[in-house]
Amino acid sequence: MSVLVVGLSHKSAPVATLERAALTGDALGKLLGDVFDASDVAGSFVVSTCNRVEVYAEVDKFHGSVSAISELLARHATVPLAELTPHLYVHYEDRAVQHLLSVACGLDSMVIGESQILGQVRQALRTAGEQGTLGRALSDLGSLALRAGKRAHAETGIDRAGASLVSVGLAAGARRLDPAAPEVWDDFAADGSLAGRSVLVVGAGSMSSLAVATAARMGAARIVVANRSGGRAERLAATVPGTVAAAAADLSRLAAEIAAADLVVSCTGAPGHVISADAVAAARSTTAGSSRPLVLIDLALPRDIDPAAAGVPGVTLLDLETIDQAPGGGAHDEDVAAVRRILAEELAAQVSADRAARVAPTVVALRAKAAEVVDAELARLTGRLGDVDARARREIAQSMRRIVDKLLHAPTVRVKELAGSPGGDSYEAVLRVLFDLDPEAVQAVTRADAVAPGWPEQEVPK
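Cut-offs and rules
Residues numbered from 1 in each chain as written. Predicted model: local features only at pLDDT ≥ 70, side-chain atom pairs only at ≥ 80, totals over all residues. Heavy atoms only, no water. Pairing = 2+ DSSP bridges. Helix = DSSP H or I, 4+ residues; strand = E, 2+ residues; numbered from the N terminus. Axes fitted to C-alpha atoms, helices over the stretch in contact; angles between N-to-C directions. Contact = heavy atoms within 4.5 Å. Buried < 20%, exposed > 50% of the residue type's maximum accessible area, 1.4 Å probe, protein only. Expected span 1.5 Å × (residues − 1). Patch = residues over 30% accessible without salt bridge, like charges linked within 9 Å, V, L, I, M, F, W, Y side chains within 5 Å. Areas by Shrake-Rupley, 256 points an atom, 1.4 Å probe, with all protein chains shown as cover. Salt bridge = Lys/Arg side-chain N within 4 Å of Asp/Glu carboxyl O. Core = buried A, V, L, I, M, F, W, Y, C linked by side-chain atoms within 4.5 Å. 1 Å grid on protein atoms, 1.4 Å probe; cavity = no way out; pocket = protein on both sides within 12 Å on 5 of 7 lines; lining within 4 Å. Points joined across faces, edges and corners; volume = space filled by probe spheres on them. Nonpolar A, V, L, I, M, F, W, Y, C, P; charged D, E, K, R; others polar.

Visitor: Honestly, the sheet that holds strand 9 (residues 294-298) in this entry has me stumped. Any pointers?
Guide: In spatial order, the strands read 7-6-5-8-9-10; together these six strands make up an open sheet with parallel pairing. The open sheet terminates on both sides in strands that have one partner only, identified here as strand 7 (245-250) and strand 10 (315-318). Going across the sheet, the axis of each strand differs from the next one's by a mean of 15 degrees, ignoring polarity. Here strand 6 (residues 222-227) runs beside strand 7; their pairing, made up of six bridges, is parallel. Residue pairing across strands places isoleucine 223 opposite alanine 246, the latter belonging to strand 7. The strands touched by helix 8 (residues 165-177) within the sheet are strand 8 (263-266), strand 9 and strand 10, with strand 9 carrying the most contacts at an inclination of about 165 degrees.

Encoded structure:
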């Protein structure tokens, strides 16, 4: 079985296509189940975020699996396959592994080094585990990716500036409000860059929470949280530092809050537009809304804000596509290089471990054959010596087994070490030939390992 990735992201598709292809909730669960049920697929999980939709599958046939997964992705995304195909990319085996590690470390993100993707990959693995679609190979790969991602953020400065889609978006919005601001800032979401500004955050999820915290750090004078659930809006508004005026609002007051705001951030995850062009026009027509510029930042996919709102006088609309081109938020070259070194280390360690694991059945078969030889010799010796007291028989048996264990210890340990190196398969073959091991015995050990107790349930790392 090999790992296959079929997907599309901000690098391969325009936002309009990503918006249509984005999957959440039941639609995501159904795609996951249908991929798992496809022929030649033994495991699957799906990573679906605001700038990527990727299907990871454990398959034993390449071309048929690519076709099947592409068709399922198009069907569940309700995008014609002919329209979706030009934007799809495919990674297989080692390239698939490398791709997931790059994604988990934030190297493939719209904002290099952002850390949210690590949690999103973890959630994708957890969802697949709960639905029973996460096979052993993908579970191991997921653990590898999460470990690499944690190391990248702990051991390098890849996220030293707190880079995220939210902070880059807010920085871009702040620059639109202050034309005199430099085009590129060393600290792109600088403290004080929203000083005196009123910010409206629409939504109360994790991204909205990050938007509130970032706006407060950037010096916003007032932050209002509007959400369909008043309780969640109040709880999020309560997290705003006491030095900043904060309030919660119902979505029914959206037009009035837009009129009072300098900058609006929307990230609700709703299936349709939350902020219409008419609502923005109505807000601008009021006395409170017409005298100053207004920046709208749409971080949602599907989009929260009607694109037509950009045509309202005095309004600037920034969406995912615009933010992708915004200055600031770029990781330092040395940090990217450091993360790539971590990826290389993790991949090399995994390859070495996989090679060493492949020789384990041969080692087990060798020890089993040695045990059979010892048992046969003990039976022969018992027949020749006649009556021997039980204590002496035990001492003889233990001595023979200790001798065999000591003779086998060095070569079995060494062959495991050598198996982890390039060309390690040859050492396993030599071991089988030297000790005349029955291939069927080795295969029997391999099959037993594949159906070990507890499989296929795997714990997704936290």
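Now that the structure has been shown, the text picks up again.
Visitor: Please clarify how the pairing of strand 9 should be interpreted in this entry.
Guide: Consecutive side chains along a regular strand alternate between the two faces of the sheet. Extensive coverage of strand 9 is indicated by the burial of five of its five residues. Where strand 8 lies against strand 9, four bridges are found, and the strand directions are parallel. Each bridged residue has a counterpart across the sheet, and for serine 266 the counterpart in strand 9 is aspartate 298.

Visitor: How do you make sense of helix 3 (residues 62-77) when you look at a structure like this?
Guide: With 16 residues, helix 3 should reach 22 Å at 1.5 Å per residue; the first-to-last C-alpha distance of 22 Å fits that figure. All of the buried residues in helix 3 are Ser65, Val66, Ile69, Ser70, Leu72, Leu73, Ala74, His76 and Ala77.

Visitor: What am I meant to see in the pairing of strand 8 here?
Guide: By the alternation rule, side chains of strand 8 split into Leu263 and Val265 and Val264 and Ser266, which are all buried. The pairing of strand 5 (residues 198-202) with strand 8 spans four bridges and is classified as parallel. Following the sheet pairing, valine 199 is matched in strand 8 by leucine 263.

Visitor: Help me understand helix 8 in this model?
Guide: Residues lying three or four places apart along an α-helix face the same way, a consequence of the helix completing one turn every 3.6 residues. For helix 8, with 13 residues, the first-to-last C-alpha span of 18 Å sits near the 18 Å given by 1.5 Å per residue. Among all positions in helix 8, only Leu165, Val166, Ser167, Val168, Gly169, Leu170, Ala171, Ala172, Gly173, Ala174, Arg175 and Leu177 are buried.

Visitor: Where do I start with a nonpolar patch on the surface in this structure?
Guide: Side chains of Val430, Leu434 and Phe435 sit close together on the surface and give an oily, nonpolar patch of about 290 Å² of accessible area. Judged by relative accessible area, leucine 434 falls into the exposed class, the value being 64%.

Visitor: Is there a simple way to explain the nonpolar core in this structure?
Guide: Note that soluble globular proteins tend to have their nonpolar side chains buried in a common cluster. Phe45 and Ile223 are the most contacted members of the largest nonpolar core, which totals 99 residues. If near-sequence neighbours (up to four positions away) are discounted, isoleucine 223 is found in contact with Val199, Val201, Val212, Ala215, Ala216, Val240, Val244, Ala245, Ala246 and Ala247. Membership of the second largest hydrophobic core comes to 22 residues, among which are Val202, Leu294, Val312 and Leu317.

Visitor: Looking at this structure, I do not really get the sheet that holds strand 2 (residues 41-49). What am I missing?
Guide: Within a beta sheet, neighbouring strands are joined by backbone hydrogen bonds and run either parallel or antiparallel to one another. The strand order across the open sheet formed by four strands is 2-3-1-4, and the pairing between neighbours is antiparallel. Of all the strands in the sheet, the pair left with one neighbour each is strand 2 and strand 4 (89-92). Each strand axis lies, on average, 15 degrees off the axis of its neighbour in the sheet, ignoring direction. Against the sheet, helix 7 (residues 136-155) makes contact with strand 1 (2-9), strand 2 and strand 3 (52-59), and its axis sits at roughly 130 degrees relative to strand 3, the strand it touches most.

Visitor: What should I look at first to understand empty space enclosed by the protein in this one?
Guide: It is a probe the size of a water molecule, rolled over the atoms, that shows where empty space is left. Taken as a whole, this structure holds three cavities of 30 Å³ or more when the rule is applied. In this structure, the largest cavity is lined by 13 residues; those nearest its centre are Cys50, Asn51, Glu114, Gln116 and Gln120. The element contributing the most residues to the lining of the largest cavity is helix 6 (residues 116-131), with three residues. Looking at the lining of the largest cavity residue by residue, the classes come out as six nonpolar, five polar and two charged. One number sums up the size of the second largest cavity: a volume of about 80 Å³. Taken together, Leu378, Leu381, Thr382, Leu385, Gly386, Val388, Arg393 and Ile396 form the lining of the second largest cavity. At the level of elements, helix 15 (333-385) and helix 16 (390-419) are the ones that each hand at least two residues to the lining of the second largest cavity. The greatest single-element share of the lining of the second largest cavity, amounting to four residues, is contributed by helix 15. Taken together, the residues of the lining of the second largest cavity sort by class into five nonpolar, two polar and one charged.

Visitor: Help me understand the layout of surface pockets in this model?
Guide: Roughly 830 Å³ of internal volume is contained in the second largest pocket. Listing elements by their share of the lining of the second largest pocket, those giving two or more residues are helix 2 (25-37), strand 2, helix 3, helix 6 and helix 9 (206-217). When residues in the lining of the second largest pocket are grouped by element, the largest group, five residues, is from helix 6.

Visitor: I'm lost on the pattern of salt bridges in this one. Help?
Guide: Between side chains of opposite charge, a pair can form when the charged atoms approach closely. Inspection of every chain in the model, using the stated rule, returns 16 salt bridges. Arginine 151 is the partner of glutamate 346 in a salt bridge, and the nearest nitrogen-oxygen pair spans 3.1 Å. Of the two residues, glutamate 346 is situated in helix 15 and arginine 151 in helix 7; the sequence distance between them amounts to 195 residues. We note a salt bridge from aspartate 405 to arginine 367, for which the minimum N-O separation is 3.7 Å. Taken as a pair, aspartate 405 in helix 16 and arginine 367 in helix 15 lie far apart in primary sequence, 38 residues in all. The partly exposed category is assigned to arginine 367, whose relative accessible area is 32%. Through salt bridges with shared partners, a single network forms among Arg147, Arg151, Glu155, Glu345 and Glu346.

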